[in-house]
Amino acid sequence: MATVQILRSWWRARYPVYVLGLAVGMVMMWLPFKTFQDNDAWESHLRVHGVPAQAVVEELVHKRRNTMHLRYEFVGAQRQAEVGCWEVCLPAGSAVGIWVNPNDPEDFVTDFGILSGHRGRLQGVVGAAGLVLSGWMALAVIARGYQRRRDRRRRDWQRQQQDQRQRQFANARAARKRKPSRRRTPSIK
């Protein structure tokens with residue numbers, strides 16, 4: 001099998017993988033949006049069905065992400081939790097209103113709309129990976145289209161060259177077969 005044929009057969013086998021990779025990448029990019037929608041719905045649910053409580057900011061930590069450490073009392077027990085602060089960062093000692101999930105006391109929403117814990121970080125990373133994956137797969141499909149176009153042009157050019165050589169060869173053979181006539185022209189008496 002010629003090298004070109006082997007490469008073409010590999011492409012035929014990989015093409016479905018490229019399309020599948022593109023689809024998987026799109027789903028991975030959709031995941032963070034779905035997670036944020038779910039978090040918004042859960043926030044609304046907690047505001048309606050949660051138990052109101054008061055929390056106090058114990059500490060504000062400035063690292064890669066700003067984080068507030070909260071302390072609150074729920075069902076007679078002291079609890080601690082942390083929330084990320086992107087828009088609202090309160091100083092230590094500030095009071096914060098929260099709504100706590102009665103089934104899971106570690107789950108709450110603050111009065112400024114931040115859910116407890118670090119929700120959505122993993123989904124954000126998965127979404128970024130999906131963007132990279134679908135980008136690579138789209139580039140592979142586009143590159144393959146350009147390669148096929150270039151191959152088609154090269155084949156056409158080679159065919160034209162081959163046809164031209166055959167015509168030249170045929171013309172050269174035809175010219176050799178023709179020999180001038182050796183007959184003498186009859187003289188007129």
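Before any of the text, the structure's been laid out above.
A quick note: this is a predicted structure, and the numbers were derived from the prediction, not measured.

Describing the overall build of the protein chain
The number of helices and strands found in the protein chain is 2 helices and 5 strands. Each helix and strand of the protein chain, placed in order from N terminus to C terminus, yields the pattern α-β-β-β-β-β-α. Residues counted as buried form 24% of the 189 residues belonging to the protein chain. Put simply, 60% of the contacts in the protein chain that link residues at least 6 apart link residues at least 24 apart. For the protein chain, the computed accessible surface area is about 14,300 Å², with 56% contributed by carbon and sulfur atoms.

Notes on a nonpolar patch on the surface
On the surface, V132, W136 and L139 cluster together into a nonpolar patch covering about 360 Å² of accessible area. Looking at the element boundaries, L139 is found in helix α2 (residues 121–177).

Things to note about the pairing of strand β4 (residues 95–101)
Counted residue by residue, β4 has 5 buried out of 7 residues, so it is predominantly covered. Strand direction decides the pairing type here: strand β1 (residues 51–62) and β4, joined by 6 bridges, are antiparallel. Counted as the bridge partner of P52 is W99 from β4. The pairing of β4 with strand β5 (residues 104–110) spans 4 bridges and is classified as antiparallel. Within β5, the position partnered with W99 by the bridge is V109. Between β4 and β5, which pair antiparallel and follow one another directly, the connecting turn spans 2 residues.

Thoughts on the pattern of salt bridges
Counted under the stated rule, the structure contains 5 salt bridges. A salt bridge links E58 to R71; the nearest nitrogen and oxygen atoms lie 2.8 Å apart. Remark: R71 occurs in strand β2 (residues 66–74) and E58 occurs in strand β1; sequence separation between them is 13 residues.

A closer look at the side chain of S116
Summarising the element assignment, S116 is placed in the loop between β5 and α2. Note on S116: relative accessible area 5%, which makes it buried. Looking at S116, its side chain comes within polar contact range of the main-chain oxygen of E106, at 3.1 Å.

Section: the sheet that holds β5
Reading across from one edge, β3-β2-β1-β4-β5 is the order of the 5 strands in this open sheet, with antiparallel pairing throughout. If you trace the sheet from one side to the other, it starts and ends with β3 (77–84) and β5, each paired once. Each strand axis lies, on average, 40 degrees off the axis of its neighbour in the sheet, ignoring direction.

What to know about a positive patch on the surface
A cluster of like positive charges, contributed by R148, R149, R152, R153 and R155, occupies part of the molecular surface. Tracing the sequence through the fold places R149 in helix α2.

Digging into the packing of aromatic side chains
Taken as a whole, this structure holds 1 aromatic pair when the rule is applied. A ring pair is formed by Y72 and F108, whose centres lie 5.2 Å apart and whose planes are at 65 degrees; its orientation type is edge-to-face. Linking Y72 in strand β2 with F108 in strand β5, this pair joins segments that are 36 residues apart in sequence. The pair Y72 / F108 is uniform in exposure class, with both members buried.

Cut-offs used in this document
Residues numbered from 1 in each chain as written. Predicted model: local features only at pLDDT ≥ 70, side-chain atom pairs only at ≥ 80, totals over all residues. Heavy atoms only, no water. Helix = DSSP H or I, 4+ residues; strand = E, 2+ residues; numbered from the N terminus. Buried < 20%, exposed > 50% of the residue type's maximum accessible area, 1.4 Å probe, protein only. Contact = heavy atoms within 4.5 Å. Areas by Shrake-Rupley, 256 points an atom, 1.4 Å probe, with all protein chains shown as cover. Patch = residues over 30% accessible without salt bridge, like charges linked within 9 Å, V, L, I, M, F, W, Y side chains within 5 Å. Salt bridge = Lys/Arg side-chain N within 4 Å of Asp/Glu carboxyl O. Pairing = 2+ DSSP bridges. Polar contact = N/O pair within 3.5 Å; in protein donor to acceptor, adjacent residues only side chain to side chain. Axes fitted to C-alpha atoms, helices over the stretch in contact; angles between N-to-C directions. Lys, Arg positive; Asp, Glu negative; His and termini not counted. Charge placed at Lys NZ, Arg CZ, Asp CG, Glu CD. Phe/Tyr/Trp six-rings, centres within 6.5 Å; stacked < 30°, edge-to-face > 60°.

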